[in-house]
Amino acid sequence: MQRYSFYMSLILLTSIELTILSILTISISNYDLLKYPFGLTQQLPPLYWITEFFTAISFLLPIIFFKKIDKKIYNYLTASSLLLFLFDTFFIFYFINPVFVLTRDELGHSAEVFLLLHTHTTLLNLNTYQAYYPLGFIYGAISYLMSGISPTAYFIFFGPSFFSILQILTVYGVIRLFLNSPRSELGIFIYMLSSMPFYVAEWSPQLMSYNLLFPIFLIIALIVKKGGVRLIPLMILLTGLTGLTDVGTFGSAITLALGGMLFIRKTEAFKLKHLIYSFFTGVSIFLYWFYFNPIASGALGGVHVLFADFFNTLEALFIPQATKSLSLPASHLIYTFIPESQFHFISVASKLIDGGIFLLLSIFAFLIIALKGKADKYTWLLFGLGTSLLIMQSAIGLADNVSNVLTRMIPQVMVFYSVIIVLYLKERRMLPQIFAIALLVMIPLSILGYAMIATSEHSTEAAFCAGKFLGKYEISSVSTYGFYVSINKYMGTAIPPDHIFPKDIEYAGPYIETLSVYFNGPNTSGYDKYYNEIIQNHTIFLNSGDMIVAINYPSQS
């Protein structure tokens, strides 16, 4: 027993050493899609993949030899390996300097947090995300003020890290309620591998709303497995905090709440007073957030968006001829799943393949278990909740936003389906084969899906610094959007530009070329023409190496 523990501890220490070595030695200045069409996945050196392999092995070996090692040692090994595996499959990219993963999009959203702190209302910003997701921004503002760290550190590093860890830990809590060791650890390993392309890997109001649903999953599992219908008000509380202005999140919360209550109604006494108590708790939360919250007293405007989206969605589903704004021509659906650029297509296809394999395997596993008569009431509940989310989100996606809804729905369904897959593996005794598939296929496929998304939203260090510099002069940039403009206005350090307007500014350079190649394909003739136009007819006033910033004065045009 001690010998097995020693060797597994040694492998874990080797993984830690390799991780540190990867951080210190791997540096990717920019993505070169023309040379590496699979983006960061292809561009990473062998050292990274060796590190990832050892980290996965350090997590899997204690599971395989569970009966041959001390249980305390097992808990230490699996806990340490789980965090290390999460770090190596996501957080390590933040340290492969100087690539800032998913910087642009999250900074664009985060800019509105400081706009909210500056104006203390969402009603004055009707054309921003605050009007659609006020609760997300209110939560972001409060959490930033309580963090005590710099805006850049919070919104680029701490925020995404916190949300990803929260997601994994709450999902593990759900799985742990239905499976004992070592199957619970196997379940979270499968979930992590499968859900990586859909990680809550940035600070955005939509993803925060979805992320706050995961504690609801845990509460439902606690109610079902441990009893205690008094936890239902807490479930309603978290439902209110998820953001009542997003029809997809709202639909998910309602689906889970109704499914959980129906299950409880059949398994234990559910008294009317519990429902009344839950109702008044939910109403109290609603009134506070939308009328009395001092951070944003005007958040009520977002509720109108929710109801409008909700009724428009119903019309699009059941009365297509009643609405024109939500009608989806075939070309739009085709472009959503088959973009024009081959690099963009790799990103979409890898996510769909990863999620599709997982969903099909889960449904197949449940059918086998059910046909053999081995599906108990909890297995039916897990399949029912997961499938209800799948159907509900698919319907909303077809009527509203296919790509966004589906990519956020899949990791929710995976929470419940992961347990079913492990139950199937328990019956089929196919763990060695599944381990091999996970290591050889799922890891690179998951990283491919995540890394290709990063290609479309990244900022190199030079481009990032240029955007930060421009923000001080109230100029929004391609690399950082309006993040530093909002920060400087909020802190009173902004310097108004002298006769410089955003419409007169153009951007070029290797960083801009990478974005152009990702969205438009390998043919760079369009970008080359655009670049020559800027060099010949514009005045360049900033060149950070990766990004050129030029201005076209009216007198020059």
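It should be noted that the structure appears before, not after, this text.
Cut-offs used in this document
Residues numbered from 1 in each chain as written. Predicted model: local features only at pLDDT ≥ 70, side-chain atom pairs only at ≥ 80, totals over all residues. Heavy atoms only, no water. Salt bridge = Lys/Arg side-chain N within 4 Å of Asp/Glu carboxyl O. Buried < 20%, exposed > 50% of the residue type's maximum accessible area, 1.4 Å probe, protein only. Patch = residues over 30% accessible without salt bridge, like charges linked within 9 Å, V, L, I, M, F, W, Y side chains within 5 Å. Areas by Shrake-Rupley, 256 points an atom, 1.4 Å probe, with all protein chains shown as cover. Helix = DSSP H or I, 4+ residues; strand = E, 2+ residues; numbered from the N terminus. Contact = heavy atoms within 4.5 Å. Core = buried A, V, L, I, M, F, W, Y, C linked by side-chain atoms within 4.5 Å.

Structural notes on the pattern of salt bridges
Next up, step 1: For the structure shown, the criterion picks out one salt bridge.
Next up, step 2: In this structure, Glu-185 engages Arg-176 in a salt bridge whose closest nitrogen and oxygen atoms are separated by 3.5 Å.
Next up, step 3: Looking at Glu-185, the relative accessible area reads 3%, which means it is buried.
Next up, step 4: A residue is classified by how much of its surface remains accessible, and Arg-176, at 37% relative accessible area, is partly exposed.

A look at a nonpolar patch on the surface
Next up, step 1: A surface patch of nonpolar side chains, about 390 Å² in accessible area, is lined by Leu-13, Ile-16, Ile-20 and Leu-24.
Next up, step 2: With respect to the secondary-structure elements, Ile-20 resides in helix H1 (residues 2-25).

Concerning helix H21 (residues 483-491)
Next up, step 1: Considered for burial, the residues of H21 that qualify are Phe-483, Tyr-484, Val-485, Ser-486, Ile-487 and Asn-488.
Next up, step 2: Phi for Gly-492, located one or two positions after H21, is positive at around 75°.

Quick word on the side chain of Asp-504
Next up, step 1: Relative to the helices and strands, Asp-504 resides in the loop between H21 and strand E3 (505-508).
Next up, step 2: Since its relative accessible area comes to 10%, Asp-504 is described here as buried.
Next up, step 3: Excluding residues that lie within four positions of it along the chain, Asp-504 makes contacts with Ala-550, Ile-551 and Asn-552.

So, the environment of Ser-164
Next up, step 1: Of note, Ser-164 is situated in helix H7 (residues 151-178).
Next up, step 2: Between the C-alpha atoms of Ser-164 and Leu-86, which are 78 residues apart in sequence, the distance is 8.8 Å.

Description of the nonpolar core
Next up, step 1: Judged by nonpolar contacts, the single largest core of 99 residues is most densely connected at Ile-188 and Phe-217.
Next up, step 2: Ranked by residue count, the leading element in this core is helix H18 (residues 402-428), at 13 residues.
Next up, step 3: The contacts of Ile-188, once residues within four sequence positions are left out, are Phe-59, Leu-82, Ile-168, Val-171, Tyr-172 and Ile-175.
Next up, step 4: Core analysis: the next-biggest nonpolar cluster, separate from the first, contains 19 residues, Tyr-511, Leu-515, Ile-534 and Ala-550 among them.

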